[in-house]
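Report on the structure
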Amino acid sequence: MLVTERRSTWFRILFKYRGTAFARMRGRLAYSTLLAVAVTFVDLKFGYFHPDLTVIPFTLVGLSLSIFLGFRNNTSYDRFWEGRKLWGQLVNTSRTLTRQLLTLIAAPGGDAGTADTDAISEFRREMVYRLIAFVHCFRMHLRDQDKYEELRELLSATELESLKPELNKPNAIVQAMGFRLRDAWQRGWIHPMHVPILEQSLTSLTDIQGGCERIKSTPIPFSYTSLIHQIVALYCIALPFGIVKTVGLFTPVVVCIVAYAFYGLDAIGDEVENPFGLDPNDLPLSSLSRMIEVNLRQRLGETELPPLLKPKGGLLS
Amino acid sequence: MLVTERRSTWFRILFKYRGTAFARMRGRLAYSTLLAVAVTFVDLKFGYFHPDLTVIPFTLVGLSLSIFLGFRNNTSYDRFWEGRKLWGQLVNTSRTLTRQLLTLIAAPGGDAGTADTDAISEFRREMVYRLIAFVHCFRMHLRDQDKYEELRELLSATELESLKPELNKPNAIVQAMGFRLRDAWQRGWIHPMHVPILEQSLTSLTDIQGGCERIKSTPIPFSYTSLIHQIVALYCIALPFGIVKTVGLFTPVVVCIVAYAFYGLDAIGDEVENPFGLDPNDLPLSSLSRMIEVNLRQRLGETELPPLLKPKGGLLS
Amino acid sequence: MLVTERRSTWFRILFKYRGTAFARMRGRLAYSTLLAVAVTFVDLKFGYFHPDLTVIPFTLVGLSLSIFLGFRNNTSYDRFWEGRKLWGQLVNTSRTLTRQLLTLIAAPGGDAGTADTDAISEFRREMVYRLIAFVHCFRMHLRDQDKYEELRELLSATELESLKPELNKPNAIVQAMGFRLRDAWQRGWIHPMHVPILEQSLTSLTDIQGGCERIKSTPIPFSYTSLIHQIVALYCIALPFGIVKTVGLFTPVVVCIVAYAFYGLDAIGDEVENPFGLDPNDLPLSSLSRMIEVNLRQRLGETELPPLLKPKGGLLS
Amino acid sequence: MLVTERRSTWFRILFKYRGTAFARMRGRLAYSTLLAVAVTFVDLKFGYFHPDLTVIPFTLVGLSLSIFLGFRNNTSYDRFWEGRKLWGQLVNTSRTLTRQLLTLIAAPGGDAGTADTDAISEFRREMVYRLIAFVHCFRMHLRDQDKYEELRELLSATELESLKPELNKPNAIVQAMGFRLRDAWQRGWIHPMHVPILEQSLTSLTDIQGGCERIKSTPIPFSYTSLIHQIVALYCIALPFGIVKTVGLFTPVVVCIVAYAFYGLDAIGDEVENPFGLDPNDLPLSSLSRMIEVNLRQRLGETELPPLLKPKGGLLS
Amino acid sequence: MLVTERRSTWFRILFKYRGTAFARMRGRLAYSTLLAVAVTFVDLKFGYFHPDLTVIPFTLVGLSLSIFLGFRNNTSYDRFWEGRKLWGQLVNTSRTLTRQLLTLIAAPGGDAGTADTDAISEFRREMVYRLIAFVHCFRMHLRDQDKYEELRELLSATELESLKPELNKPNAIVQAMGFRLRDAWQRGWIHPMHVPILEQSLTSLTDIQGGCERIKSTPIPFSYTSLIHQIVALYCIALPFGIVKTVGLFTPVVVCIVAYAFYGLDAIGDEVENPFGLDPNDLPLSSLSRMIEVNLRQRLGETELPPLLKPKGGLLS
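Residues numbered from 1 in each chain as written. Chains lettered and ligands numbered in written order. Predicted model: local features only at pLDDT ≥ 70, side-chain atom pairs only at ≥ 80, totals over all residues. Heavy atoms only, no water.

In terms of regular secondary structure, chain A is built from ten helices and two strands. Shown N-terminal to C-terminal, the secondary structure of chain A runs as helices and strands in the order β-α-α-α-α-α-α-α-α-α-α-β. Compactness check: chain A gives a C-alpha radius of gyration of 28 Å against a globular reference of 20 Å for 317 residues, more than 25% above the reference. Its C-alpha atoms give chain A principal-axis dimensions of roughly 100 × 35 × 30 Å. By residue count, 65% of the 317 residues in chain A fall in the buried class. By sequence separation, contacts in chain A at least 24 residues apart represent 76% of the contacts at least 6 residues apart. One way to put it: in chain A the 35 positive side-chain charges average out to a point 6 Å from where the 31 negative ones average out. (Helix = DSSP H or I, 4+ residues; strand = E, 2+ residues; numbered from the N terminus. Rg over C-alpha atoms; globule rule 2.2 N^0.38 Å. Buried < 20%, exposed > 50% of the residue type's maximum accessible area, 1.4 Å probe, protein only. Contact = heavy atoms within 4.5 Å. Lys, Arg positive; Asp, Glu negative; His and termini not counted. Charge placed at Lys NZ, Arg CZ, Asp CG, Glu CD.)

Here the focus is the nonpolar core. The tendency in soluble globular proteins is for nonpolar side chains to be buried side by side. Grouped together as the largest cluster of nonpolar side chains are 469 residues, with contacts concentrated most on Trp87(A), Trp87(B), Trp87(C), Trp87(D) and Trp87(E). In contact with Trp87(C), not counting residues within four places along its chain, are Val135(C), Phe138(C), Arg139(C), Leu142(C), Cys212(C), Phe276(C), Leu285(C), Leu288(C) and Ser289(C). (Core = buried A, V, L, I, M, F, W, Y, C linked by side-chain atoms within 4.5 Å.)

For the rest of this paragraph, the subject is the interface of chain A and chain C. Between chain A and chain C, the residue contacts involve 65 residues of the former and 68 residues of the latter. Both faces combined, the contact of chain A with chain C buries some 6100 Å², and carbon together with sulfur accounts for 67% of it. Broken down residue by residue, the surface that chain A buries against chain C is led by Leu60(A), Arg214(A) and Phe222(A), which jointly contribute 12%. Our enumeration of links across chain A and chain C arrives at three salt bridges. In this structure, Arg99(C) and Glu199(A) form a salt bridge, with 2.6 Å as the shortest nitrogen-oxygen distance. Taken together, the connections running from chain A to chain C amount to 17 residue pairs in polar contact (both at pLDDT 80 or more). For the side of chain A that touches chain C, the secondary structure elements donating two or more residues are α3 (56–104), α6 (169–186), α7 (195–217), α8 (222–247) and α9 (251–273) of chain A. Sorting elements by how many residues they give to the side of chain A that touches chain C places α7(A) first, with 14 residues. Taken together, the residues of the side of chain A that touches chain C sort by class into 31 nonpolar, 21 polar and 13 charged. (Buried area = accessible area lost by both parts, 1.4 Å probe. Salt bridge = Lys/Arg side-chain N within 4 Å of Asp/Glu carboxyl O. Polar contact = N/O pair within 3.5 Å; in protein donor to acceptor, adjacent residues only side chain to side chain. Nonpolar A, V, L, I, M, F, W, Y, C, P; charged D, E, K, R; others polar.)

This brings us to the pattern of salt bridges. Side-chain pairs of opposite charge can arise where the charged atoms are in close proximity. Enumeration over the complete set of coordinates arrives at 110 salt bridges over all chains. As a salt-bridge pair, Arg299(B) and Glu166(D) come within 2.9 Å of each other at their nearest N and O atoms. Residue Arg299(B) is found in helix α10 (residues 285–299), and its partner Glu166(D) is found in the loop between α5 (157–163) and α6 (169–186); the two belong to separate chains. Note on accessibility: Arg299(B) and Glu166(D) belong to one class, buried. Across the pair Arg214(C) and Glu82(C) runs a salt bridge whose closest N-O atoms are separated by 2.7 Å. Linking Arg214(C) in helix α7 (residues 195–217) with Glu82(C) in helix α3 (residues 56–104), this pair joins segments that are 132 residues apart in sequence.

All right, on to the relation of the copies chain A and chain C then. Of the transformation superimposing chain A on chain C, the axial component is 0.0 Å and the angular component is 72°, with the fit at an RMSD of 0.0 Å. In short, the pair behaves as if placed about a five-fold rotation axis. Within chain A, the C-alpha atom positioned nearest to the axis of rotation is that of Met193(A), 5.4 Å from it. Different-surface contact between copies: only 5% of interface residues of chain A are shared with the interface of chain C. (Least-squares fit on C-alpha atoms with pLDDT ≥ 70 in both.)

Residues and elements named next belong to chain A. When its domains are assigned, chain A resolves into domain 1 (2–76 + 219–273) and domain 2 (79–218 + 283–316). Each of domain 1 and domain 2 has a C-alpha centre, and the two are 46 Å apart. Both sides of the domain 1 and domain 2 interface together cover about 950 Å² of buried area, and 57% of this is carbon and sulfur. Remark: the boundary between domain 1 and domain 2 carries zero salt bridges. (Domains from an automatic or database assignment.)

In the Ramachandran plot, Asp144(B) falls in the positive-phi region, its phi being about 55° despite a non-glycine side chain. In this structure, Asp144(B) sits in the loop between α4 (117–142) and α5 (157–163).

This part is about the packing of α3(A) against helix α6 (residues 169–186) of chain B. Interhelical geometry of α3(A) versus α6(B) gives an angle of 30° and a closest axis separation of 10 Å. The angle between α3(A) and α6(B) falls in the class roughly parallel. When you trace α3(A) past α6(B), the crossing you get is right-handed. Contact with α3(A), carried on its side by Arg95(A), Arg99(A), Leu102(A) and Thr103(A), involves Asn171(B), Val174(B), Gln175(B), Gly178(B), Phe179(B), Arg182(B) and Trp185(B) of α6(B) and no other residues of that element. Here the residues of the contact of α3(A) with α6(B) sort into four nonpolar, four polar and three charged. (Axes fitted to C-alpha atoms, helices over the stretch in contact; angles between N-to-C directions. Parallel < 35°, antiparallel > 145°, perpendicular 65-115°, else oblique. Left-handed = near helix turned anticlockwise from the far one by under 90°.)

This part takes up a positive patch on the surface. A cluster of basic side chains, namely Lys85(A), Lys85(B), Lys85(C), Lys85(D) and Lys85(E), defines a positive patch on the protein surface. Mapped onto the secondary structure, Lys85(A) falls in helix α3. Using a relative accessible area of 35% as the deciding quantity, one classes Lys85(A) as partly exposed. (Patch = residues over 30% accessible without salt bridge, like charges linked within 9 Å, V, L, I, M, F, W, Y side chains within 5 Å. Areas by Shrake-Rupley, 256 points an atom, 1.4 Å probe, with all protein chains shown as cover.)

Now for helix α7 (residues 195–217) of chain D. The periodicity of an α-helix, 3.6 residues per turn, causes residues three or four positions apart to be oriented the same way. Here α7(D) spans 33 Å end to end across 23 residues, near enough to the 33 Å set by a 1.5 Å rise per residue. Burial runs high along α7(D): 18 of the 23 residues are buried. (Expected span 1.5 Å × (residues − 1).)

This paragraph deals with the environment of Ile228(C). Residues and elements named next belong to chain C. Its place among the elements puts Ile228 in helix α8 (residues 222–247). The class for Ile228 is buried, based on a relative accessible area of 1%. Each C-alpha atom of the pair Ile228 and Leu69 lies 7.4 Å from the other, and the pair is 159 residues apart in sequence. Apart from residues no more than four positions distant in its own chain, Ile228 is found in contact with Phe68, Leu69, Arg72 and Asp266.

Taking the UniProt record as the reference, the feature "transmembrane region" (unreviewed entry) is found at residues 29–48, 54–71 and 249–268 of chain A. Annotation note: span residues 249–268 of chain A, helix share 90%, strand share 0%, distance between end C-alpha atoms 30 Å. (UniProt positions renumbered as here; feature names shortened; annotations may be inferred.)

All names here are of chain C. Looking at the secondary structure, you find Phe138 in helix α4 (residues 117–142). Note on Phe138: relative accessible area 0%, which makes it buried. Remark: the alpha-carbon pair of Phe138 and Leu285, spanning 147 residues in sequence, is separated by 9.9 Å. Setting aside anything within four residues of it in sequence, one finds Phe138 in contact with Trp87, Leu90, Pro170, Ile208, Gln209 and Cys212.

Glancing now at the packing of aromatic side chains. Per the stated rule, a full pass over the model turns up 65 aromatic pairs over all chains. Ring geometry for Phe68(B) against Phe71(B): centres 6.0 Å apart, planes inclined by 0°, an arrangement best described as stacked. Placement of the pair is Phe68(B) and Phe71(B) together in helix α3 (residues 56–104), with a separation of three residues, close to one helical turn. Side by side, Phe68(B) and Phe71(B) carry an identical accessibility label, which is buried. Lying across the ring of Tyr129(E), Arg125(E) places its NZ or CZ 4.4 Å from the centre. (Phe/Tyr/Trp six-rings, centres within 6.5 Å; stacked < 30°, edge-to-face > 60°. Lys NZ or Arg CZ within 6 Å of the ring centre and 35° of its normal.)

Where like charges cluster on the molecular surface, the negative patch consists of Asp78(A), Asp78(B), Asp78(C), Asp78(D) and Asp78(E). Along the polypeptide, Asp78(D) turns up in helix α3 (residues 56–104). Overall, the relative accessible area of 47% leaves Asp78(D) in the partly exposed class.

Here is the structure:
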């Protein structure tokens, strides 16, 4: 999903809640602030804590923690953006493959007046529909959804049935495209020299699919995630003990501000790391695949098109 | 648009206003400074604020804020530069495709003396004009402009009319190019082995288009933008309370300087993030597409060329 | 191997042990903390240490150390991710090559009714099995394992035997594929214009193999690794002397926290640097190659497939 | 130009002047130091400045300034290195295209004994010369130089004349190559299947040209440059006021050292940003294009070659 | 060369000398420490230095220095790794080209029973040997070595002789391969459609060569190197004056630790910047080219192979 309210003014953004990292970290933030209140209370009431507790370790550790959080965010964002690039490539490849299907599949002597004319244009339509089916199937594959009934109007019943036992359904659809293209080539509808172009577009589909599967199946190494979580938690829990002698009554405020920043940066990394889910800041795959469908159908000359998806409550799904 | 006054001396740049981030942040800056004045006044007059308020949280948070602002600027600039690279590729591909149209489309037995000679050279001209139309149409598509009348002298009236219902006009133009190339190939004007080269250039156009659409439609995740806005605002609003006991009368000056730096870095990120708009630091798409038009027309041997765009008031549109 | 327990809650991750960097650094951490205890004891008992020992050098060095640790982690992670990308490409290329083998290898006049039909489909099966053998062989090659008996059901006995003297077994398998494809082409089973496509897929296999061998054989320059180890060790050993006068009794706690962060970041870099080993955070090559095998066999229409690997004790091998 | 004295010892480099950033910033540095002297004098003599002026804002701002300067230098260096990569690609493509011209252009039945032999070898020579002309013309195009007479011995008089009205001369030369290759193909000197290879090399020339033009015409957004100049200047001008109470007599020394670092980093960014100029640290385009010329002529079997360029006064032009 | 002792334990690495940056910086380090001793002595004996000298400028400058050192190391490492990638590509391309030579060069009607059989297999062997010669020649070219006698058993005497006047010997070898491939094509040993594949592999060799030449001939701009050397030196020389009042007797220890870190980071950048030399941390080109030779000869079916290089004294040359 994608938050779309970004056009609001700078001032309003400060008070947004939906789509921010706040939801994800409010628990931790509340506990840390409560701890700070308790520490302050104990110290002011009983003078319990030792003056040797200083801000020194926080300055020393703060730096590497910041750089490490920066690294984490960089990496998570790269994953997000690579996922977006791959879906952008899917938009491109589906447009390109459609153009190639419409222009390179042709009866040897030209389109008009041959017996094959109808068969060819039916073949083109079928191929473009299979491509649309690939896009939707791939989206469901990435989101671990199982609503393959949606493909019913795009694929023949036999083909849909034969997909059921497949472990990797999108890959099976690409394979089916390959077989159909070979048929067309053997019937003389595709010039042998143009087979490599079409084959390359299929390869591009496979590469896009593999790239997204890679991002989905391989998170950032667990040792990074756990170390960063631990240092952030240690830092925010120890902070009130370290500053209560200097900052006194204001300890909870300071702890709350600092913890807001650190928990926030940590939480965003978690959220953006897997861009194919259904979180508010994930990629709007439904919207993208609908857009591809509309684009391709329009290329086939269809005029009754499904509508593009609109954001619901500021979120594009 | 692109600021072109950069050749001025280092000293003069310090006092430039147009094209800097100042316009975008002057409101916030003024409010923060006024708040600092108020805080200073109250403290000096009534000794109101508690000495426990220290600079400590600002040192602790400042670091991750800086690294996070650095990340934000890095990312925004990468988007800007990727957009520029894509338009650079558009320059390259349009030159390359023009060269290919002029050299690879030819009557089988050589150009001279065939009946097709005139038809072929008219065909080449029409194709190059359609390519120029693609460039202009794509620019308007990216800027959400609707001045498609500009294309009247580049496309035939029927073709222009058929574009109207299209949701994605540039894509439809590329499709039209594909159909025309198939015609030429079927007439024998293009060697079947050379079709892949031309097809590849069309694919490159589609990839450039998709790349720009991706940058335009997918901003940096909202959770980043909102968190960074919040931390910057929190920092600049809390700063006077934290330093008024140490810096005294100079609080507003210090707050103004620090806020200038942080608001400035934040505002630049916002401005550069979407490089296809009409902000002073956005890409000069009008100028680039005019340059492409002039380059391609000159390749057709035309001598009456529209002028290249000149900067107006230091800005290239 | 890959740690898979990442779906646990944020709170639980704080107390995980397996797959974290803790195992790797517990020795160093214990020694540093013990040293801090000793230093604190000597100072409090005998007032031995000089007050001139301050935190200054740690602030000065801490910054470049942090940036350097950041650089180290960046680089190690890039190596990890490049390794993952190459294995992702292997997934893609093996799917693509399988599709090409199934669609581009065909009797000239179409599949049915020719004498070659059976020979061709046997040839396709043999080629796909050889590809699966390549994947497994390559995995063992990267992990310096010698269990080539595993390939017995994928390759003929003669071929397996001829692999034995080879120094680079995966490369020899690709060469064998090349020879077999030439045979098919010379028999007319592959159109001469389609040989380049298949050849390109073989080249892709060679590139993937070379890329992984490069990562495996060339670690980060030793001068980086040694300098960073030295500075981290120097820092953590000198720290108690520098802070004992200020922090007093809390010296061991502070040293333990700081050393945890620095040793941890250093240790993660070491662990992730070579992603093809059998450490908990290394790539799950066994699981990936099994997945490839299942995918390809399903493309051949086989239904008795080996099961996908499941994580054992939270680790995917 | 390129500074070549880098082989001198570490100690000597400390006192180099030529090719360093010092020349570019000496003015600013002198003014800042003088201001510091004045501030120190006024303070020591009249005790004029207020003790509230502290080093705090410099610590707070210093961090983001440093990170921002780091970003700026990163970006500038990336532009420099991308420019170098493009010229490296030009070296590669010119060698490759020469090899292709010499091996792929041939009379159908083999070279010897045909009537075309002489015409073909003259054609090859002419094409290689045109390629050398492209390289020189492109260098002058990038440097806004107008010494096109240099091309007189590489191009025929008519061709040189026809270049004059061209707005983009290198592009016109590539177009001319395209036309000549078509001629050769139509005469049967190039196999139709080999045209794509040669065409691809021309495309590579166009891409290199476009890439360099992009770097030249699109500087880093002005809002970055101006903000960084402003913060650096503000920082260095305000510094003496902030530290004069603490550092006293040594204020000018401290200001000079700090300003040296910040002005230096800022100035290097400016210098390296456009790598195609004639600054000491710009790319040695003259030397590179001469090297290409010598390489290609040697491939033609020529033995009277112009000498490679030597550094003059430690600078390679 | 490559340091191979990295498998030693973490503890032992702390005391390694060979292959670390220590050798390169021991002089500077000794001088800085001696200066610190002198400053401390003078101050303690005569109370000479002014208390205004503080640690402030070092904190202010230290940050940008660290970030700048980080940038430098990043860039140097990128050069190292790009060099390694190019040699990795050389490994890949040489394997691929060998496979292509063995499979795509064939008598039209199949290998057996033709008069050309022997000539063809001799031709293949000669081509693979020329490729091995390219690899060795390229290694010597990069290292400015002149031991071309090593190529005597790989190239014919005439060919070796004709290389002598060449300014760029590896390029001349690639050209010779191109001519020989044309011969084979004209004799009908290579299908015209397969020439592009082989030509592409030659292009890849040229690209690899050009890439390495680029890294070798274009160091990081001198203004970066000199500025960083100057700031590091200034910092380490001024440090004792700044801290002697605070740290007293421990000044030399602190200076030594800080200078160790900064000189070390600076020195590593210098060492890794040019990865093709003979420093301990440079790339093991001899070992890589020997490995390529063994791989390719084994593909030719040879069994008497030269041994792979073993590390000598922990260094792989």
